[in-house]
Amino acid sequence: MQPYLDNTLREGEITMAYPKVTIVGAGNVGATAGMILAMKDIADVVLCDVVEGMPQGKALDMMHMRSNEKYGTTITGTNDYADTANSDVVVITAGIARKPGMTREDLIGINSKIMLDVIGKAKAASPNAIFICVTNPLDVMTYLAFKNAGVPKNRLMGMGGVLDSARYAFAIAEATGASVDDITAYAVGAHGQSMVTLPRFSTVKGQPLTEVLTPEQIEATTKRTVNGGAEVVELLKTGSAFYAPGSSIAKMVEAILNDTHEVMSVCAYLEGEYGIEDTYMCVPVELGRNGVEKIVEFDVNEAELAELQASAASIAAQVDSLGLRA
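Let me sum up the structure you'll find in this document. (Residues numbered from 1 in each chain as written. Predicted model: local features only at pLDDT ≥ 70, side-chain atom pairs only at ≥ 80, totals over all residues. Heavy atoms only, no water.)

1. Examining the overall build of the protein chain
Consideration 1: Along its length, the protein chain carries nine helices and 16 strands.
Consideration 2: Over its C-alpha atoms the protein chain spans a radius of gyration of 19 Å, differing by no more than 12% from the 20 Å that the globule rule assigns to 326 residues.
Consideration 3: A principal-axis box enclosing the C-alpha atoms of the protein chain has dimensions of 65 × 45 × 40 Å.
Consideration 4: Burial analysis of the protein chain (326 residues in total) assigns 51% to the buried set.
Consideration 5: Of the roughly 14400 Å² of accessible surface on the protein chain, a fraction of 51% belongs to carbon and sulfur atoms.
Consideration 6: Here the protein chain holds 25 positive side-chain charges and 40 negative ones, and the gap between their average locations is 4 Å. (Helix = DSSP H or I, 4+ residues; strand = E, 2+ residues; numbered from the N terminus. Rg over C-alpha atoms; globule rule 2.2 N^0.38 Å. Buried < 20%, exposed > 50% of the residue type's maximum accessible area, 1.4 Å probe, protein only. Areas by Shrake-Rupley, 256 points an atom, 1.4 Å probe, with all protein chains shown as cover. Lys, Arg positive; Asp, Glu negative; His and termini not counted. Charge placed at Lys NZ, Arg CZ, Asp CG, Glu CD.)

So this is what it looks like as structure tokens:
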């Protein structure tokens, strides 16, 4: 991208300044996202975490790496929200990760307290930022942040659909042998066991997946997608996925800062779209400098609509457990 022009220095001198992205939570997901953003020369990154020394150490390590990779952006580590002030984008990854046998729903009690603390402090430091929630269970945590932060719906969203769609594209590539460059994949709905894949709108070299794979093969790709995160957790045994989530965050931030209006699956606030009200759920949207520029309503059939609405109902049940609805 072309960094912003900064005319605040000495008269007649112009320097290039990058947008500022804060990532709250400097664990594996947050640090990976920060590294990708820096290496792509997309933004200066601030890693913020409650653990003293950890964000500073990771940031210093990435700055050492800059000498090899030759990127111009900077990475800073901090434990103080004052250092995150006036960020263009704030990404919230803070929270505990899933452990083997733990569902996203198990995380609600612990991570809701973390989310409320983080969104309050981050919003106070950067009131005009666009906020991307990553903390699980993602749909519920994004709704919780929205109800408490006072941020317009277009400037507060969740990451899950980009990650789920990436996993779906991988499953399709495995089943078809096609290059991921030739695949467009959409996974929507809840970020979890109730997610919905859209094979009619997912393509291989421009052909709908329904014309490329058999129904049985399509069902297998969906199952591989839904279980993608759990599969990684089971293999790692002591943690959860972070490379693909970090990349998914960077993809969203890049679309926002570059104002691309690219269509991707994002956890966005629905007010009647797909017949769903007052719910944060992954749906196709256009991402740009104002955040969620537009929710894209695919021409879904009755069966697909029923799946989407059932997925929304599963999210609503979790939200209701927190007593967030009036």
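2. Here we look at the nonpolar core
Consideration 1: Ile132, Leu156, Val253 and Leu287 are the most contacted members of the largest nonpolar core, which totals 86 residues.
Consideration 2: Looking at which element gives the most residues to this core, the answer is helix α4 (residues 138-149), with eight residues.
Consideration 3: Grouped together as the second largest cluster of nonpolar side chains are 11 residues, Tyr168, Ile172, Leu209 and Ile218 included. (Core = buried A, V, L, I, M, F, W, Y, C linked by side-chain atoms within 4.5 Å.)

3. A word on the sheet that holds strand β9 (residues 183-184)
Consideration 1: Strand order in the open sheet formed by three strands is β9-β12-β13, and the pairing between neighbours is antiparallel. What marks the edges here is a single partner per strand, and that holds for β9 and β13 (207-208).
Consideration 2: Taken together, the two bridges between strand β12 (residues 203-204) and β13 define a ladder with antiparallel strand orientation. If you follow Val204 over to β13, its bridge partner there is Gln207. (Pairing = 2+ DSSP bridges.)

4. Structural notes on the side chain of Glu273
Consideration 1: Along the chain, Glu273 falls in the loop between β14 (262-271) and β15 (277-288).
Consideration 2: For the buried Glu273, which has no salt bridge, the nearest side chain bearing the opposite charge is Lys153, at an N-O separation of 5.0 Å.
Consideration 3: Within polar-contact distance, the side chain of Glu273 engages the backbone nitrogen of Glu271 at 2.7 Å.
Consideration 4: In this view, Glu273 contacts Ile295 and Glu297; residues no more than four positions away in its chain are not counted. (Salt bridge = Lys/Arg side-chain N within 4 Å of Asp/Glu carboxyl O. Polar contact = N/O pair within 3.5 Å; in protein donor to acceptor, adjacent residues only side chain to side chain. Contact = heavy atoms within 4.5 Å.)

5. Focus on the layout of surface pockets
Consideration 1: By volume, the second largest pocket amounts to about 440 Å³.
Consideration 2: What lines the second largest pocket is a set of 20 residues, and nearest its centre among them are Val162, Ser165, Ala166, Ala185 and Lys251.
Consideration 3: When contributions to the lining of the second largest pocket are tallied by element, the ones reaching two or more residues are α5 (160-176), β9, α8 (243-257) and β14.
Consideration 4: For the lining of the second largest pocket, the element with the highest residue contribution is α5, accounting for five residues.
Consideration 5: Its residues placed into classes, the lining of the second largest pocket shows 12 nonpolar, five polar and three charged. (1 Å grid on protein atoms, 1.4 Å probe; cavity = no way out; pocket = protein on both sides within 12 Å on 5 of 7 lines; lining within 4 Å. Points joined across faces, edges and corners; volume = space filled by probe spheres on them. Nonpolar A, V, L, I, M, F, W, Y, C, P; charged D, E, K, R; others polar.)

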